[in-house]
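Commentary on secondary and tertiary structure
The lines below spell out each chain.
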Amino acid sequence: MKPFLSLVLPVVLLAASVAAAQEPFQKLKPVAEKLRPLPFGAVRPEGWLKAQVRQNLDGYTGHLDALVPDLIVKDDIYGRDRLTPKVKSKDVGAVGEGGDWQVQFLWWNSETQSNWRDGYIRSALLLRDSAHLRRLRTYVDRILATQDADGYLGIYAPALRYRFDNENGELWAQATLLRGLLGWYEATGERRVLRAVERAVAATMNAWPAGSAHPFHSVNPNVGGLSHGLMFTDVLESLARITGRSAYRDYALFLYRDFSAATLNEDAQYQKLVNASLPLKGHGVHTYEHLRPVAAAYYASGNPALRAALDGFLQKIARCTVPSGGPIGDEWIGGGTADATKRGYEYCSLQELQHSYSELLLKSGEARWGDAVERIFFNAAQGARHPHESSIAYLKTDDSYAMTGGLNGDTSNKQQVRYKYSPVHQDAAVCCVPNAGRIAPYYVQYMWAQDAEGLVATLLGPATVQATWKGKPVTIRTETGYPYGYTLNYTLEGARPGFVLKIRKPAWAKEVRLNVPYTEVNGYLVVRRAWKAKEQLRLELEPEGAVATDVQGAHYFTYGPLVLAHPIAADSSVTKTFPLPGYRDLHYRAERPALYRYAAPRLVPAGPLRFRIGAIDPQSGTAVSLELVPMGGTILRQVTFK
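Residues numbered from 1 in each chain as written. Predicted model: local features only at pLDDT ≥ 70, side-chain atom pairs only at ≥ 80, totals over all residues. Heavy atoms only, no water.

The subject of this paragraph is the overall build of the protein. Scanning the protein from terminus to terminus reveals 19 helices and 27 strands. Whereas a compact globule of 642 residues would reach a radius of gyration of roughly 26 Å, the protein reaches 24 Å, a difference of no more than 12%. Its C-alpha atoms give the protein principal-axis dimensions of roughly 70 × 65 × 60 Å. Evaluated residue by residue, the protein yields a buried proportion of 61% over its 642 residues. Taking contacts inside the protein between residues at least 6 apart in sequence as the whole, the part at least 24 apart equals 70%. Accessible surface for the protein amounts to roughly 23,600 Å². Of this, 52% is attributable to carbon and sulfur atoms. (Helix = DSSP H or I, 4+ residues; strand = E, 2+ residues; numbered from the N terminus. Rg over C-alpha atoms; globule rule 2.2 N^0.38 Å. Buried < 20%, exposed > 50% of the residue type's maximum accessible area, 1.4 Å probe, protein only. Contact = heavy atoms within 4.5 Å. Areas by Shrake-Rupley, 256 points an atom, 1.4 Å probe, with all protein chains shown as cover.)

This part is about the sheet that holds strand E12 (residues 487-493). Paired through backbone hydrogen bonds, the strands of a sheet run either parallel or antiparallel to each other. Pairing in this open sheet of six strands is antiparallel, and the strands run E2-E10-E11-E12-E17-E14 from one edge to the other. The sheet is open, and its two borders are formed by strand E2 (43-45) and strand E14 (511-514), each paired with just one other strand. Across this sheet, the average inter-strand angle for adjacent strands is 15 degrees, counted without regard to direction. Two elements, E2 and strand E10 (residues 463-469), share three bridges in a ladder whose sense is antiparallel. Bridge pairing in E10 links Val43 to Val465. (Pairing = 2+ DSSP bridges. Axes fitted to C-alpha atoms, helices over the stretch in contact; angles between N-to-C directions.)

Quick look at helix H5 (residues 105-127) now. A rise of 1.5 Å per residue sets the reference length of H5, with its 23 residues, at 33 Å; its end C-alpha atoms lie 34 Å apart and thus fit the reference within 8%. In terms of burial, H5 is largely enclosed, as 23 of its 23 residues are buried. Directly after H5, the chain includes Arg128, whose backbone phi takes a positive value near 50 degrees. (Expected span 1.5 Å × (residues − 1).)

Within E10, five of the seven residues are buried, which leaves it mostly tucked inside the rest of the structure. Across seven bridges, the pairing between E10 and strand E11 (residues 472-479) is antiparallel. Bridged to Val465 within E11 is Ile476. Between E10 and E11, which pair antiparallel in sequence order, lie two residues; one of them, Lys470, sits at a positive phi of approximately 55 degrees.

Moving on to the confidence of the model for the protein. Mean pLDDT for the protein: 94, with 95% of residues reaching 70 or above. Counted against residues more than four places away or in other chains, residues 1-21, with its pLDDT under 50, gives 44 contacts. (pLDDT = per-residue confidence, 0-100.)

This part covers the pairing of strand E22 (residues 584-590). Summarising burial for E22: five of the seven residues are buried, a large majority. Relative to E22, strand E6 (residues 402-403) is paired through two bridges, and the arrangement is antiparallel. Residue pairing across strands places Met403 opposite Tyr588, the latter belonging to E22. Pairing geometry for strand E21 (residues 570-577) and E22, over seven bridges, is antiparallel. Directly across from Asp571, in E22, lies its bridge partner Arg589.

Attention now moves to helix H7 (residues 170-188). Here H7 spans 27 Å end to end across 19 residues, near enough to the 27 Å set by a 1.5 Å rise per residue. Most of H7 is tucked away: 16 of the 19 residues are buried. At the C-terminal side of H7, Gly189 shows a positive phi close to 75 degrees.

It is worth spelling out the side chain of Arg438 at this point. Secondary-structure assignment places Arg438 in the loop between helix H18 (432-436) and helix H19 (439-445). Setting aside chain neighbours within four positions, we find Arg438 in contact with Asn115, Asp118, Gly119, Arg179, Gln351 and Glu352.

Looking now at the domain arrangement of the protein. A common way to state how big an interface is: give the accessible area lost once the parts meet. Segmenting the protein into domains produces domain 1 (59-262), domain 2 (449-543) and domain 3 (545-641). Averaged C-alpha coordinates put domain 2 and domain 3 at centres separated by 34 Å. Residue-level contacts link six residues of domain 2 with five residues of domain 3. In this assembly, domain 2 packs against domain 3 so that about 540 Å² is buried in total across both faces, 75% of it on carbon and sulfur atoms. The largest per-residue losses of area from domain 2 upon contact with domain 3 belong to Tyr484, Tyr486 and Pro543, which jointly make up 68% of the total buried on that side. For the interface between domain 2 and domain 3, the tally reads zero salt bridges. On the surface where domain 2 and domain 3 come into contact, there are zero residue pairs in polar contact (both at pLDDT 80 or more). Of the residues that constitute the side of domain 2 that touches domain 3, the class distribution is six nonpolar, no polar and no charged. (Domains from an automatic or database assignment. Buried area = accessible area lost by both parts, 1.4 Å probe. Salt bridge = Lys/Arg side-chain N within 4 Å of Asp/Glu carboxyl O. Polar contact = N/O pair within 3.5 Å; in protein donor to acceptor, adjacent residues only side chain to side chain. Nonpolar A, V, L, I, M, F, W, Y, C, P; charged D, E, K, R; others polar.)

In the UniProt entry, the feature "domain: Non-reducing end beta-L-arabinofuranosidase-like GH127 middle" (unreviewed entry) is given for residues 461-542. Annotated as residues 461-542, this span is 0% helix and 59% strand, and its ends, taken at the C-alpha atoms, are 15 Å apart. (UniProt positions renumbered as here; feature names shortened; annotations may be inferred.)

The next point concerns the side chain of Asp399. Topologically, Asp399 is positioned in the loop between strand E5 (395-396) and E6. One polar contact links Asp399 to Thr640, side chain to side chain, over a distance of 2.5 Å. Beyond its immediate chain neighbours, meaning those up to four positions away, Asp399 contacts Ala340, Thr341, Asn408, Arg637, Gln638, Val639 and Thr640.

Tallied over the entire structure, the rule returns 29 aromatic pairs. An angle of 25 degrees between the planes, with centres 5.3 Å apart, marks the rings of Tyr357 and Trp369 as stacked. Of this pair, Tyr357 sits in helix H16 (residues 347-364) while Trp369 sits in helix H17 (residues 368-383), and the two are twelve residues apart along the sequence. We classify Trp369 as buried; its relative accessible area is 2%. Through pairs of rings, three or more aromatic residues link up here, namely Trp48, Phe377, Phe378, Tyr443, Tyr482, Tyr484, Tyr486, Trp508, Tyr559 and Phe611. Its end group placed over the ring of Tyr152, Arg161 keeps NZ or CZ at 3.7 Å from the ring centre. The residue whose ring lies beneath Arg529 is Trp531, and the NZ or CZ to ring-centre distance is 5.9 Å. (Phe/Tyr/Trp six-rings, centres within 6.5 Å; stacked < 30°, edge-to-face > 60°. Lys NZ or Arg CZ within 6 Å of the ring centre and 35° of its normal.)

Given below as structure tokens:
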């Protein structure tokens, strides 16, 4: 397998030279997206994907309000508890030092609530769970009832809203809330919800007019909620797709321009991105989510200067990506490069970078972004999720030798409590668990897309898609164990003359077998045929074991889309229990700590998705045979071998 770095677009030198010569935010000729997303709910998970969404819904995703009621139930931050000038502090349970930065606690609960509900809404809709959907309909009714006459939906009383020169959560609280409501609208078709979102966005666009307002102005360059607010772009892009109104994308371009002009310590500002010598330094989740607004600004403008910024951004992210696809940030990138042992990644960052690559897949149609999405979801995301309990790791390393609070057992920083498994992580922030409930539904949403000719299988796995083509329904069911099995059986119903099916060919698949004629075009298997009323297609992908090298020069092993790891036996200890039975925080210590060294590249099959390699025992210096398994499902493990 090629190193992950090879997935990244090369810097376009011509575009970089143009960037220096012209106004980078000038709207020239917008770039059309190559693929059209399907409404949320058109794709439903099957097989192991459905089981995982169910496990989450039966676990922390369906019960987070009972696990942290003070943050979700008692603080009606979008309603009666909207923030006023009198509110100076909130207790969110996080461990940290005092300082001005704690003003961000004021908006934290909006993120916790709305990101959680986004994942909760989407999970319940995908599973059509009637009990949870009744609860969520009550929530939707209640949140819409908080909408002011001018359309405002948010967390601030009139005396504060849109009047900031420092840290605030205005756009961020709206973005997280409206993303969930749009998911509800797309799956249910309830026009009242879409109208409420449109009115809320109009209120913000009127309060901060494009071209004259400065929503990202701050006298303090170190801000959290303010920088997160750039993700209002997600809402604008969704509305542009739903309504066809270009004004939403124009406003996204304006937001990125103002964000870039502000004095902020953020990586994604234009002038920093086109400076190839400047490494990524910021808070990881900010940096990786901001990839979407940069891409949105380029596609809205067609300006090659912004294309140069996007390409530069992607190169920088590649240098910060470990073998599993996880982007470092624990919680700061700090100018460093990826290191599978010494640098961790945040679960929030996994969701955000996966989402960003999914958007690049839609916008560009380039198959390689599907490989990048799958790399994160199948490896880093599964490998930071507890295999047996409803909990996740807030921070995780590819090479994970201890999960006792600090990085691989480090105890020097008493404030570092994130390297453990928890259904909440309230001592750090209740942000990663809500995002852990979003990551599978967002993967499912991007599994299929449309183009002018038909449907495109963009991400692989078990699912059923129901769409329309030329006004007629088309259903495709995919039965597969992928990525743990490599045969995909497609059942198509409703395909008509002229309909074209495209299936993304994974970059690792050297050989494919399809039981119908096809052509291969730009990384996709293209099937054009005289379709029967019901058609069966069988696709077989041929995986092989491979050895790759990471940015530190260490070796790691892959099999198809899976990154392999040597599992390390560990002792567990319960550090906290919750009033809700079955939920607890866990630490893990290795029974026999050992950092094995690389010996030979040969990967020997030892059973279904089990392999053996030769390695050197660091204590005895002798050759040993190590077992490797997919890193998803491991707790302590060794992924890289120096």
